[in-house]
Amino acid sequence: MKSVGKTIAGGLVAVALVTGAGSAKAVTWEILGKLSVEYTLQTPQELLSLEGTPFSAYLTYDENALPTSTLSPEFTNYANQGSFVVNTVLGSATGALDNLQTFISTGTPGQGSNFNGGATHVGLTGAISTLGLIPRGFGFQFQEVPWHLNVGLTSFALPSELNLQDFGGFNILGLVFSSPAGNPLDTRLLGVMDSVSAIPEPQTYMMMLAGVALLGWRARNLAG
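Rules and cut-offs
- The numbering scheme is per chain: residues are counted from 1 as the chain's sequence reads.
- Given that this is a predicted model, residues contribute local features only at a pLDDT of at least 70 and side-chain atom pairs are listed and counted only at 80 or more, while totals for whole chains, interfaces and linings are drawn from all residues.
- Each side-chain value is worked out from all heavy atoms of the structure, with water and hydrogens disregarded.
- Each helix is a run of DSSP H or I of at least 4 residues and each strand a run of E of at least 2, with the numbering of both proceeding from the N terminus.
- In what follows, residue pairs with any heavy atoms lying within 4.5 Å of each other are defined as contacts.
- Using a 1.4 Å probe, the Shrake-Rupley method yields the accessible areas, and only the shown protein chains count as cover for residues.
- Any residue under 20% of the maximum accessible area for its type is buried, any over 50% is exposed, and the rest in between are partly exposed; the area is computed with a 1.4 Å probe on protein chains only.
- Under this definition, polar contacts are N or O atom pairs within 3.5 Å; protein pairs additionally need one hydrogen-donor-capable and one acceptor-capable atom, and for neighbouring residues in sequence, both atoms have to be side-chain atoms.
- In plain words, nonpolar cores are sets of buried Ala, Val, Leu, Ile, Met, Phe, Trp, Tyr and Cys residues tied together by side-chain atoms within 4.5 Å.
- Whenever a carboxyl oxygen of Asp or Glu lies within 4 Å of a side-chain nitrogen of Lys or Arg, that contact is scored as a salt bridge.
- Side-chain rings of Phe, Tyr and Trp, where Trp is taken by its six-membered ring, are said to pair if the distance between their centres is within 6.5 Å; with planes under 30 degrees apart they count as stacked, over 60 as edge-to-face, and otherwise as tilted.
- pLDDT: the predictor's confidence for each residue, scored from 0 to 100.

Quick look at the overall build of the chain now. Across its full length, the chain holds 3 helices and 9 strands. Starting at the N terminus, the α and β elements of the chain follow one another as α-β-α-β-β-β-β-β-β-β-β-α. In the chain, the proportion of contacts linking residues at least 24 apart, taken out of those at least 6 apart, comes to 65%. Looking at the chain as shown, the accessible area adds up to about 11900 Å², and 60% of this sits on carbon and sulfur atoms.

Topologically, T187 is positioned in strand β9 (residues 187-199). When its relative accessible area of 1% is taken as the criterion, T187 is described as buried. Reaching out from T187, the side chain makes a polar contact with the side chain of T43 at a distance of 2.7 Å. When residues no more than four places from it in sequence are discounted, the contact partners of T187 are V37, E38, T43, L47, L175, V176 and F177.

Among the nonpolar cores identified, the biggest contains 40 residues, and I31, F115, F138, F140 and F142 are the most heavily contacted of them. The greatest single-element share of this core, amounting to 5 residues, is contributed by strand β1 (residues 26-38). Contact partners of F140, with chain neighbours within four places excluded, come to L59, L97, L100, F115, N116, G117, I172 and L173.

Take the pattern of salt bridges next. Using the criterion set out here, one finds 1 salt bridge in the structure. With its nearest N and O atoms 3.0 Å apart, the salt bridge here joins E38 to R188. Here the residue E38 occupies a position in strand β1, and R188 occupies one in strand β9, the gap between them amounting to 150 residues. Assessed through its relative accessible area of 37%, E38 is described here as partly exposed.

All right, on to the environment of F140 then. Mapped onto the fold, F140 is located in strand β7 (residues 134-143). In this structure, the C-alpha to C-alpha distance between F140 and G191, residues 51 residues apart in sequence, is 8.9 Å.

With that out of the way, let us pick up the packing of aromatic side chains. For the structure shown, the criterion picks out 8 aromatic pairs. Pairing F138 with F140 gives two aromatic rings, centres 6.5 Å apart and planes at 40 degrees, and the pair type is tilted. Across this residue pair, the class does not change: F138 and F140 are buried. Taken together, the ring pairs connect Y61, F84, F115, F138, F140, F142 and F167 into an aromatic cluster.

Let us look at the confidence of the model for the chain. For the chain, the mean per-residue pLDDT works out to 79, and 72% of the residues sit at or above 70. Across residues 1-24 the pLDDT falls below 50, and counting only partners more than four positions away or on other chains, this stretch makes 17 contacts in the model. Here residues 203-212 is a poorly scored stretch, pLDDT under 50, and it has 6 contacts once near neighbours within four places are set aside; other chains count.

Here is the structure:
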């Protein structure tokens, strides 16, 4: 039993070394919530039916990315550093983020901090792609309300940790569509965030599973 214990302990060290051998750069956030629809007379009934339905969204970006520009002393931009997926009961929207921005409060009254991004090219799959709508863009925002200056973002770096409770403002994502007639603000799907959670990279899962399998194999061999 002592040798089995030593083997398991050694295996745990091996798993720790394998899983910690390289620092992960990509971070993916799963966002869950309910949809709200801003519409006009041209909005298809199918989109109106999405009011109050659930959605899931995934934001992925390189947390070690370097800024591509500084828009002001408070804003930093990371252009073309991420991607998104939004899933609804009517279909999905995907694309690459044209920009990711971090804004940090300087302590000026009336200013908070936020993390936002957007895309101008959106691809559609599923039933939503058959409605004849023209996708105009995607955007998201984690916003800190101005009077809570001690929460939200604390640095200009791309967030590697997000706690929805730290953002007390209008935390949303949105998809904008125009009708075939060309009205540029025909319909907007707003996703109000209920939860945000990190998803480990696939290679992290694989390394953990490989480590657990190795522990089981070595323990069985010694016990036998």
